[in-house]
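Reading the structure
Single-letter residue listing:
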Number of protein chains: 2
Amino acid sequence: MDAGRAVAPGGHEGQEAEEILARARTSVDPELRRAVEALPTPIRRVALYHFGWEHADGTPAVGDAGKAVRPALVLAAARALGGRTEDAVRAAAAVELTHNFTLLHDDVMDRDTTRRHRPTAWTVFGNADAILVGDALHAQAQRLLAEDPHPAAPAAVARLAQCVVELCAGQSTDVALEGRDPGEVSLDETLTMAEAKTGALLGCACAIGGLFAGADEEEVAALDAFGRAAGLAFQLIDDVIGIWGDPARTGKPAGADLAVRKKSLPVVAALASGGPAAAELAALYGPPGQEEEGAAELEAIALAVERAGGRDWAQAQAAYEMARALHELARAVPVPERAGGLLSLAEFVTRRGY
Amino acid sequence: MDAGRAVAPGGHEGQEAEEILARARTSVDPELRRAVEALPTPIRRVALYHFGWEHADGTPAVGDAGKAVRPALVLAAARALGGRTEDAVRAAAAVELTHNFTLLHDDVMDRDTTRRHRPTAWTVFGNADAILVGDALHAQAQRLLAEDPHPAAPAAVARLAQCVVELCAGQSTDVALEGRDPGEVSLDETLTMAEAKTGALLGCACAIGGLFAGADEEEVAALDAFGRAAGLAFQLIDDVIGIWGDPARTGKPAGADLAVRKKSLPVVAALASGGPAAAELAALYGPPGQEEEGAAELEAIALAVERAGGRDWAQAQAAYEMARALHELARAVPVPERAGGLLSLAEFVTRRGY
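A quick note: this is a predicted structure, and the numbers were derived from the prediction, not measured. (Residues numbered from 1 in each chain as written. Chains lettered and ligands numbered in written order. Predicted model: local features only at pLDDT ≥ 70, side-chain atom pairs only at ≥ 80, totals over all residues. Heavy atoms only, no water.)

1. Looking at the overall build of chain A
Our working rule: Here a strand is any run of E in DSSP of at least two residues, a helix any run of H or I of at least four, and the numbering for each starts at the N terminus. For the radius of gyration, the atoms used are the C-alpha atoms, and the globule rule reads 2.2 Å times the number of residues raised to 0.38. Here the term buried applies to any residue with accessible area under 20% of the maximum for its type, exposed to any over 50%, and partly exposed to those in between, with areas from a 1.4 Å probe on protein chains only. Exposure was quantified through the Shrake-Rupley algorithm and a 1.4 Å probe, taking into account, for residues, occlusion by the shown protein chains and nothing else. Neither His nor the chain ends contribute to the count of charged residues, in which Lys and Arg are positive and Asp and Glu negative. Each charge is placed at NZ for Lys, CZ for Arg, CG for Asp and CD for Glu.
The helix and strand tally for chain A stands at 16 helices and two strands. At 20 Å, chain A has a C-alpha radius of gyration in line with the 20 Å of a compact globule built from 354 residues. Here the C-alpha coordinates of chain A stretch approximately 60 × 50 × 35 Å along the principal axes. Here chain A holds 354 residues, and the buried ones make up 57% of them. Summed over all atoms, the accessible surface of chain A reaches about 14100 Å², with 52% contributed by carbon and sulfur. Looking at charge distribution, chain A has the averaged site of its 33 positive side-chain charges lying 4 Å from that of its 51 negative ones.

2. Looking at the packing of aromatic side chains
Under the convention used in this document: Each Phe, Tyr or Trp ring (for Trp, its six-membered ring) is paired with any other whose centre lies within 6.5 Å, and the angle between the two planes then decides the class: stacked below 30 degrees, edge-to-face above 60, tilted in between.
On inspection of all chains with the given rule, the structure shows four aromatic pairs over all chains. Where B:Phe51 meets B:Trp53, the ring centres are 4.9 Å apart and the plane angle is 15°; that geometry is what we call stacked.

3. With respect to unusual backbone geometry
Residues other than glycine predominantly adopt negative phi, and peptide bonds predominantly adopt the trans conformation. At A:His117, a residue that is not glycine, the phi angle is positive and equals roughly 65°. Relative to the assigned elements, A:His117 resides in the loop between strand 1 (114–115) and strand 2 (118–119). Phi at B:Arg116 is positive, roughly 50°, even though this residue is not glycine. B:Arg116 sits in the buried class, given a relative accessible area of 12%.

4. With respect to the interface of chain A and chain B
In plain terms, the rule: It only takes one pair of heavy atoms within 4.5 Å for two residues to be counted as in contact. In short, buried area is how much 1.4 Å probe accessible area vanishes from two parts on joining, totalled over both. Think of a salt bridge as a Lys or Arg side-chain nitrogen and an Asp or Glu carboxyl oxygen that are within 4 Å of each other. What qualifies as a polar contact is a pair of N or O atoms within 3.5 Å, subject to a donor-acceptor requirement within protein and to the restriction that residues adjacent in sequence count only when both atoms come from side chains.
Listed as interface residues are 34 residues of chain A and, on the opposing side, 34 residues of chain B. Buried area between chain A and chain B, summed over both chains or domains, comes out near 2800 Å², and the portion from carbon and sulfur atoms is 77%. The interface formed by chain A and chain B holds zero salt bridges in total. Along the contact surface separating chain A from chain B lie six residue pairs in polar contact (both at pLDDT 80 or more).

5. Concerning helix 9 (residues 217–244) of chain B
Residue and element names in this part refer to chain B. Short version of the rule: Expected span, for any helix, means 1.5 Å times one less than how many residues it has.
End to end, helix 9 covers 41 Å across 28 residues, agreeing with the expected 40 Å (1.5 Å per residue, within 8%). With 22 of its 28 residues buried, helix 9 lies for the most part within the structure. You can read the cap of helix 9 off the contacts: a side-chain oxygen lies 3.1 Å from the backbone nitrogen of glutamate 218, and it is on aspartate 216.

6. A few points about the relation of the copies chain A and chain B
Selection criterion: To line up the copies, we fit them by least squares on C-alpha atoms, keeping just the residues with pLDDT of at least 70 in both.
Superposition record for chain A on chain B: RMSD 0.0 Å, screw rotation 180°, translation along axis 0.0 Å. This pairing of chains is accounted for by a two-fold axis. Taking C-alpha positions as reference, the residue of chain A nearest the rotation axis is A:Pro154, located at 3.2 Å. By residue overlap, the copies meet face to face through one surface: 100% of the interface positions of chain A are interface positions in chain B.

7. Focus on the packing of helix 3 (residues 69–80) of chain A against helix 4 (residues 89–110) of chain A
Residues and elements named next belong to chain A. The following threshold applies: Simply put, an axis is a line fit to the C-alpha atoms, just over the touching stretch for a helix, and the angle between two N-to-C directions goes from 0 to 180 degrees. Roughly parallel refers to an angle under 35 degrees, roughly antiparallel to one over 145, roughly perpendicular to one between 65 and 115, and oblique to any angle outside these ranges. Each crossing gets its hand from how the near helix is turned against the far one by less than a right angle, where anticlockwise is left-handed and clockwise is right-handed. In the scheme used here, Gly and all other residues not listed as nonpolar or charged are polar, with Ala, Val, Leu, Ile, Met, Phe, Trp, Tyr, Cys and Pro taken as nonpolar and Asp, Glu, Lys and Arg as charged.
Relative to each other, helix 3 and helix 4 sit at 150°, their axes nearing to 8 Å. Between helix 3 and helix 4, the angle is such that the two are roughly antiparallel. As for how helix 3 packs across helix 4, the hand of that crossing is right-handed. Residue-level contacts link Arg70, Pro71, Val74 and Leu75 of helix 3 to Val89, Ala91, Ala92, Val95, Glu96 and His99 of helix 4. Residues belonging to the contact of helix 3 with helix 4 are distributed by class as follows: seven nonpolar, one polar and two charged.

8. Some details on the side chain of A:His50
Residue position: A:His50 is located in helix 2 (residues 41–50). Once you skip the residues sitting within four places of it in the chain, A:His50 turns out to touch A:Asn100, A:Leu103, A:Leu104, A:Arg116 and A:Arg118.

9. Focus: the confidence of the model for chain A
Residues and elements named next belong to chain A. Heads up, the condition is: pLDDT is defined as a per-residue confidence score from the predictor, taking values between 0 and 100.
Overall, the prediction assigns chain A a mean pLDDT of 92, with 95% of residues at 70 or greater. Put simply, helix 10 (residues 247–250) is where chain A has its lowest mean pLDDT, 76, and helix 6 (residues 127–146) is where it has its highest, 98. Scored below 50 in pLDDT, residues 1–10 makes 35 contacts in the model with residues more than four places away or belonging to other chains.

10. Structural notes on the nonpolar core
Inclusion rule: Buried Ala, Val, Leu, Ile, Met, Phe, Trp, Tyr and Cys residues form a nonpolar core when they are joined through side-chain atoms within 4.5 Å.
Counting 195 residues, the largest nonpolar core has A:Leu137, A:Phe212, A:Leu342, B:Leu137, B:Phe212 and B:Leu342 as its most contacted members. Residue contacts for A:Phe212: discarding those within four places in its chain leaves A:Asp87, A:Ala88, A:Ala91, A:Leu145, A:Asp148, A:His150, A:Ala152, A:Ala153 and A:Ala156. The next biggest cluster of nonpolar side chains, apart from the first, holds 29 residues, and it includes A:Leu265, A:Val305, A:Ala314 and A:Ala318.

11. Things to note about helix 3 (residues 69–80) of chain B
Residues and elements named next belong to chain B. If you check helix 3, its first and last C-alpha atoms are 16 Å apart, about what 12 residues at 1.5 Å a residue would give, namely 16 Å. With 11 of 12 residues buried, helix 3 lies mostly within the body of the structure. Residues of helix 3 that are buried: Val69, Arg70, Pro71, Ala72, Leu73, Val74, Leu75, Ala76, Ala77, Ala78 and Ala80. Glycine 82 lies just past helix 3 and shows a positive phi near 85°.

12. Regarding the pattern of salt bridges
In total, this model carries 37 salt bridges over all chains according to the counting rule given. A:Glu31 is the partner of A:Arg34 in a salt bridge, and the nearest nitrogen-oxygen pair spans 3.4 Å. Separated by three residues within a single helix, A:Arg34 and A:Glu31 lie in helix 1 (residues 12–37), roughly one turn from each other. Accessibility expressed as a relative area gives 13% for A:Glu31, which makes it buried. B:Arg45 serves as the salt-bridge partner of B:Asp129, at 4.0 Å between the closest nitrogen and oxygen.

13. Overview of the side chain of B:Asp239
All names here are of chain B. Here aspartate 239 lies in helix 9. Among the polar contacts listed, one links the side chain of aspartate 239 to the backbone nitrogen of leucine 265, at a separation of 2.9 Å. Sequence-distant contacts of aspartate 239, defined by excluding residues within four places in its chain, comprise Lys262, Ser264, Leu265 and Pro266.

14. Section: the environment of A:Ala94
All names here are of chain A. As for its position among the elements, alanine 94 is in helix 4. Separated by 60 residues in sequence, alanine 94 and proline 154 place their C-alpha atoms 13 Å apart. Discounting chain neighbours no more than four positions away, the residues touching alanine 94 are Ala141, Leu144, Leu145 and Leu160.

Structure below.
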């Protein structure tokens, strides 16, 4: 999801979200950095590289540690429920460490070579160190939470651990779907996978923020549901942009997702729609040939997805998920003035991709 | 370490240890099994296979989930400090889940194809699922501990997480040493690596048992030191057996560790000893040629390690570590009658390998 697309020029909400994210980074970075610096030498240098704080040769770098959407959600949820953000800073760092552990492992599994405009850790340090640094960040996240004297810490550890199990299941399903025939992939399992991969940790971040503000069970559940729905809305929009996005804005070639025959949500929905348009798409969506496809061929596939209803479905579904997110937010945070931060962040991730 | 060697016929202590291990398996297995069964489908089937409870096709198998040395240490430590073993059963399962997470990941990194007499998970289900199931077991271990209402649970979560960081550092160093020239590997870093890879989790298991019995900080530290020293003693003896062990007893060809030029502790100590015998060994210990070496060549290398003092050093060092373990045990458990279980287990692992 961090590999997502850039970026329409931001309106007012976009600017507010940017400010919230910048403040979150300022609060959380020192805690995050301390947790990484505390790792033993062979692990630390790979982690410092991954976060963009060091070059591969160990010299300092001007970091790009990511947008910090998840720690910002933790802090915004804590504030929304009347807590103090400073009480939730460690928890926010733990969530960000967990996110980065999953990025490191996903990059190994997916053989992705670029992350935040730099070569991925496994391409620089090898598979073993990338796996081990992921494991160490995972452990360090729990340690940070477990050593937090806040009374919500044990519940947060359990919740974060449960979320990681779901992330793993989502990634496992994703890998399995990659290898399957597009016609044999159901929309239900693709949605479940997207929720597990993208929604679960956003929901967990909000829930943990609530826990650290002393929220009750129902509020925490609503915060989790809010984050999940916003995550799904994001994924649907990111998938639409991956097919019909303007390359000048996305920074990726047009139809990149189609070229690799990605089983994205609009494609799976289109294939599942039945009828002649779906059959036409199925015929086009076999494995790509040896030669690179031209723009015309990719445009024909995009048109087939659209004709089979994939684009409309995805946009309607994204709107539905966003409405669900707002509903859950109102349930979690009955005082509208307090919900502003979470709302800005949700609009930010769904409008822009990130 | 579970790949270690079998087994001299057991004496009285051996029999006692076998009984302790069998009792630990009986107590911990239901908790362990419950934690695995609770995983989502795509993850669960790989985990059930790894623990030997299912065949690759999902049919039930008569499991070999390992000897359960670590959970037995947790329970024995809890008893030794006056606690009730039933209070520490979940913690023992969490330690065993953690151990199995590291086995799954180590097998991927080391490209090991056999574990507990069966094909390793990555050879059956692929790298991605083996990594993900390791991650999920890691998370499930913390969840189990974090949801334990026992007052020692948060401290145990933090301690286990810190131990995982050390295990990762040890494995990272091990992988790095594999690629280095034998002459450039120091005895100090090899010992640190062995302590991190083998000693840390045995120490942590004992420490967590102590925590769940309400032991004070000093007792917990002594229990940790006891487990670490016993772990190092085990590793030294396992390395000696790996070179000079009787193939009829170890089930491995003679000199198997030498054939792959393993930088085991006796070899590194021999190379570091200086003098003509070390130089002779260094000349023999370059990368093996294309053709398989005969028994005579491997015997010549074994003799060179012995001449350069590697065997004597390892045996003396193992005795020293075992003495240190006993000293720490006396510090942790001043009532000798209560220390019997831990003592039997330590003797079991160091005498037999496992």
